[in-house]
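If you want the building blocks of each chain, they are given just below.
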Amino acid sequence: MSEEVPKDIAGPFVLIVIITAKPGKADEVAKHLSKVRAHAESDKEPDCLTFRPCRGYGGNPDSFAIFEKYMSMEAFELHRKSPPAIAFKASECCTFDKHEYFDEIGASET
């Protein structure tokens, strides 16, 4: 699956990511996601408006859904380059099954 980020999104947007832990790695995925969330919710990522990882997507305890919202593509790029996000990706403990980007309806631009 392509991780290509759309170039035509301007302003706030929502991202939904679906991932599946490799066999025996679901708890490791959960730990990484907790670290990524803590960083995303800190003042180190002021334009990450929400980062909500959830376990059990589709009734599968090895599958995760992540709901994210950013003020801009720049904020998303900052998030992707954060130390916890880089460590998570480098761990190779899961597969990134799906990325869906959405323009938010009714979001006011600042």
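Residues numbered from 1 in each chain as written. Predicted model: local features only at pLDDT ≥ 70, side-chain atom pairs only at ≥ 80, totals over all residues. Heavy atoms only, no water.

**Student:** Sorry, what's going on with the overall build of the chain here?
**Tutor:** Per the secondary structure count, the chain includes 3 helices and 4 strands. Traced from its N-terminal end to its C-terminal end, the chain shows the element sequence β-α-β-β-α-α-β. Here the C-alpha atoms of the chain give a radius of gyration of 14 Å, agreeing with the 13 Å that 2.2 N^0.38 yields for 110 residues. Once the C-alpha set of the chain is aligned to its principal axes, its extents read approximately 45 × 25 × 20 Å. Within the chain, contacts between residues at least 6 apart in sequence are counted, and of these 73% link residues at least 24 apart. (Helix = DSSP H or I, 4+ residues; strand = E, 2+ residues; numbered from the N terminus. Rg over C-alpha atoms; globule rule 2.2 N^0.38 Å. Contact = heavy atoms within 4.5 Å.)

**Student:** Honestly, the pairing of strand 1 (residues 13-21) in this entry has me stumped. Any pointers?
**Tutor:** Taken residue by residue, a regular strand's side chains alternate between the two faces of the sheet. Within strand 1, 7 of the 9 residues are buried, which leaves it mostly tucked inside the rest of the structure. Of the strand pairs in this sheet, strand 1 and strand 4 (residues 94-103) are connected by 9 bridges, and their pairing is antiparallel. The partner of alanine 21 across the bridge, within strand 4, is cysteine 94. (Buried < 20%, exposed > 50% of the residue type's maximum accessible area, 1.4 Å probe, protein only. Pairing = 2+ DSSP bridges.)

**Student:** Even after reading the chapter, I still don't get a nonpolar patch on the surface, so can you show me in this structure?
**Tutor:** A cluster of nonpolar side chains, namely Ile16, Phe67 and Phe102, defines an oily patch on the protein surface of about 250 Å² accessible area. In this structure phenylalanine 102 comes out as partly exposed when scored by relative accessible area, which is 37%. (Patch = residues over 30% accessible without salt bridge, like charges linked within 9 Å, V, L, I, M, F, W, Y side chains within 5 Å. Areas by Shrake-Rupley, 256 points an atom, 1.4 Å probe, with all protein chains shown as cover. Salt bridge = Lys/Arg side-chain N within 4 Å of Asp/Glu carboxyl O.)

**Student:** Please clarify how unusual backbone geometry should be interpreted in this entry.
**Tutor:** With the exception of glycine, the majority of residues adopt a negative phi angle, and the majority of peptide bonds are in the trans configuration. At glutamate 92, a position not held by glycine, the phi torsion is positive, near 50°. Judged by relative accessible area, glutamate 92 falls into the exposed class, the value being 58%.

**Student:** It is not clear to me how the packing of helix 1 (residues 26-40) against helix 3 (residues 83-91) should be interpreted in this structure. Could you clarify?
**Tutor:** Two packed helices can be described by the angle between their axes and the distance between those axes. One way to put it is that helix 1 packs onto helix 3 with a least axis distance of 8 Å and a crossing angle of 160°. If you check the angle between helix 1 and helix 3, you find them roughly antiparallel. The handedness of the crossing between helix 1 and helix 3 is left-handed. Taking contact as the criterion, the partners of Glu28, Val29, His32, Leu33, Lys35, Val36 and His39 in helix 1 are, on helix 3, Pro83, Pro84, Ala85, Ala87, Phe88 and Ser91. Its residues assigned to classes, the contact of helix 1 with helix 3 comprises 8 nonpolar, 3 polar and 2 charged. (Axes fitted to C-alpha atoms, helices over the stretch in contact; angles between N-to-C directions. Parallel < 35°, antiparallel > 145°, perpendicular 65-115°, else oblique. Left-handed = near helix turned anticlockwise from the far one by under 90°. Nonpolar A, V, L, I, M, F, W, Y, C, P; charged D, E, K, R; others polar.)

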